[in-house]
Amino acid sequence: MTIAVTAVSGQLGAAIARSLIETATEEPIIGLARTPAKAADLGIEIRGGDYNQPEELRASLMGVDTLLLVSGMDTPEARIPQHRNVIEAAKSAGVRKIVYTSIQGPETGSAFSPVVQSNRQTEADLRASGLAFAIGRNGIYIEPDVEYIDSYKARGEIANSAGEAKCGYTTRAELAHAYCALLTKGDHNGKTVNLNGEPITQTQLANHLNSAFGTSLTYREMTPEEFIADRSAELGPFLGPIIGGIYQGIRLGIYDTPGDFHAVTGRPHQSWEDYFRALRP
Ligand SMILES: NC(=O)c1ccc[n+]([C@@H]2O[C@H](COP(=O)([O-])OP(=O)(O)OC[C@H]3O[C@@H](n4cnc5c(N)ncnc54)[C@H](OP(=O)(O)O)[C@@H]3O)[C@@H](O)[C@H]2O)c1
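Under an unreviewed UniProt entry, the name given to the protein is SDR family oxidoreductase, and the organism recorded is Harenicola maris.

Next up, the structure:
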């Protein structure tokens, strides 16, 4: 059974490909990339995989049985036809199953909602495709909060609009493990699963960061409007409201889900104690 992974030049695609290489030793693994040169170090066959190039996608998917489709990075309006290009190319090349990396998030009422809706549309397109499928809805990556540690240190606090609500974060490594299972086993075919770790509050997140980095961060709640203004000042008028919308989703409890990670993989998601302990110098 040949397995292919799209966007394999990106962090999630590469993590999934590496996890497949380590665990699915019998299966040939092929990477698809818009920029194949960026994926050369994976040591697997890399084929062209620009979501805007239907013919290239069809040629690259010949001989592939199971495909992992990583959600694109374009605007919501552009993503839907891009993902349709991949689904149609897969059908025409004889692919039998697609696993899609969707997202959790507020479906209405925030600047992030159009992004969530575009993912929901691809989920619907996949369900209607006639192919076997499995859909993972990813929790929020925790890595950006870790990478942001110097800014948190400079501010002395984590300040956002999540309030006291809990968020089921995840990591790309744990997602890669779960997507390996969805690709190589059939027990979640036809299902949509939430992939995240134990939900935590922002105060708990601050405490975990403090334990890993020796900081004394505290958490301060902002109103949604204050936080959107704060993010827009740093990230600009497009990305700022989107980040604000993600935290609006946390505030509303959208990300407070136990998730299906254990059911999918046969083991619990890595605990946040273990994750942050491994970051200590
Ligand atoms: N759960 C979360 O918190 C969270 C956060 C951010 C993003 N996401 C989602 O997760 C996905 C993967 O994240 P990541 O960490 O792997 O992001 P990343 O490291 O930035 O990688 C993005 C990948 O998308 C590829 N790509 C962009 N446009 C493409 C196109 N037109 N055709 C084919 N490939 C294209 C890029 O290819 P090139 O190398 O050619 O640029 C790259 O491989 C993102 O696409 C986004 O939808 C989730």
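**Q** What should I look at first to understand the UniProt feature "domain: NAD(P)-binding" (unreviewed entry) in the protein in this one?
**A** Residues given the UniProt feature "domain: NAD(P)-binding" (unreviewed entry) here are residues 9-184. A distance of 21 Å separates the end C-alpha atoms of residues 9-184, which is 44% helix and 18% strand.

**Q** Would you explain the sheet that holds strand β4 (residues 66-70) in this entry?
**A** Two pairing modes exist for strands in a sheet, parallel and antiparallel, and in both the strands are linked by backbone hydrogen bonds. A sheet is described by the order of its strands in space; here seven strands give the open sequence β3-β2-β1-β4-β5-β6-β8, paired in parallel fashion. Where the open sheet ends on each side, the last strands, each with one partner, are β3 (45-48) and β8 (192-195). Taken over all neighbouring pairs, the strand axes of this sheet differ in orientation by 25 degrees on average, direction set aside. Sheet strands touched by helix α4 (residues 113-127): β4, β5 (97-103), β6 (132-138) and β8. Its angle to β5, the strand with the most contacts, is close to 165 degrees. Helix-sheet contacts for helix α7 (residues 172-184) involve β1 (3-5), β4, β5, β6 and β8, and the interaxial angle to β5 is about 150 degrees.

**Q** Sorry, what's going on with the packing of helix α3 (residues 76-93) against α4 here?
**A** In a pair of packed helices, the angle between the axes and the distance between the axes together describe the arrangement. Contact geometry for α3 and α4: axes closest at 9 Å, N-to-C directions at 20 degrees. As far as their axial angle goes, α4 and α3 are roughly parallel. Crossing of α3 against α4: the hand is right-handed. For the pair α3 and α4, contact is made by P76, R79, I80, H83, R84 and I87 and by P114, V115, S118, N119, Q121, T122, D125 and L126, respectively.

**Q** Whenever I open this one, a nonpolar patch on the surface confuses me. Can you help?
**A** Judged by side-chain polarity, L235, F238 and L239 come together as a nonpolar surface patch covering roughly 280 Å² of accessible area. Here L239 is to be found in helix α9 (residues 224-251).

**Q** Can you walk me through unusual backbone geometry in this structure?
**A** Most peptide bonds take the trans form, and the phi angle of most residues other than glycine is negative. For A7, which is not glycine, the phi torsion reads 45 degrees and is therefore positive. By the element assignment, A7 lies in the loop between β1 and α1 (11-23). With a relative accessible area of 24%, A7 lands in the partly exposed category.

**Q** Mind showing me how you'd approach the site of the ligand here?
**A** If you check the shell around the ligand, you find 22 residues, and the closest are S9, L12, R34, T35 and S71. Within the contact set of the ligand, an oxygen atom lies 2.5 Å away from a backbone nitrogen or oxygen of S71. One nitrogen or oxygen atom from the main chain of G139 is found 3.0 Å from a nitrogen atom belonging to the ligand. Classifying every residue of the shell around the ligand by side-chain character gives seven nonpolar, 10 polar and five charged.

**Q** Got a minute to help me understand the packing of aromatic side chains in this structure?
**A** Note on aromatic pairs: each is described by the distance of the centres and the angle between the planes. Enumeration over the complete set of coordinates arrives at four aromatic pairs. Between Y148 and Y152, the ring centres sit 4.9 Å apart and the planes meet at 80 degrees, which makes this aromatic pair edge-to-face. Pairing F227 with Y247 gives two aromatic rings, centres 5.0 Å apart and planes at 70 degrees, and the pair type is edge-to-face. Across this residue pair, the class does not change: F227 and Y247 are buried. Through successive ring pairs, a cluster of aromatic residues spans W272, Y275 and F276.

The rules we used
- Residues numbered from 1 in each chain as written.
- Predicted model: local features only at pLDDT ≥ 70, side-chain atom pairs only at ≥ 80, totals over all residues.
- Heavy atoms only, no water.
- UniProt positions renumbered as here; feature names shortened; annotations may be inferred.
- Helix = DSSP H or I, 4+ residues; strand = E, 2+ residues; numbered from the N terminus.
- Pairing = 2+ DSSP bridges.
- Axes fitted to C-alpha atoms, helices over the stretch in contact; angles between N-to-C directions.
- Contact = heavy atoms within 4.5 Å.
- Parallel < 35°, antiparallel > 145°, perpendicular 65-115°, else oblique.
- Left-handed = near helix turned anticlockwise from the far one by under 90°.
- Patch = residues over 30% accessible without salt bridge, like charges linked within 9 Å, V, L, I, M, F, W, Y side chains within 5 Å.
- Areas by Shrake-Rupley, 256 points an atom, 1.4 Å probe, with all protein chains shown as cover.
- Salt bridge = Lys/Arg side-chain N within 4 Å of Asp/Glu carboxyl O.
- Buried < 20%, exposed > 50% of the residue type's maximum accessible area, 1.4 Å probe, protein only.
- Near = heavy atom within 4 Å.
- Polar contact = N/O pair within 3.5 Å; in protein donor to acceptor, adjacent residues only side chain to side chain.
- Nonpolar A, V, L, I, M, F, W, Y, C, P; charged D, E, K, R; others polar.
- Phe/Tyr/Trp six-rings, centres within 6.5 Å; stacked < 30°, edge-to-face > 60°.

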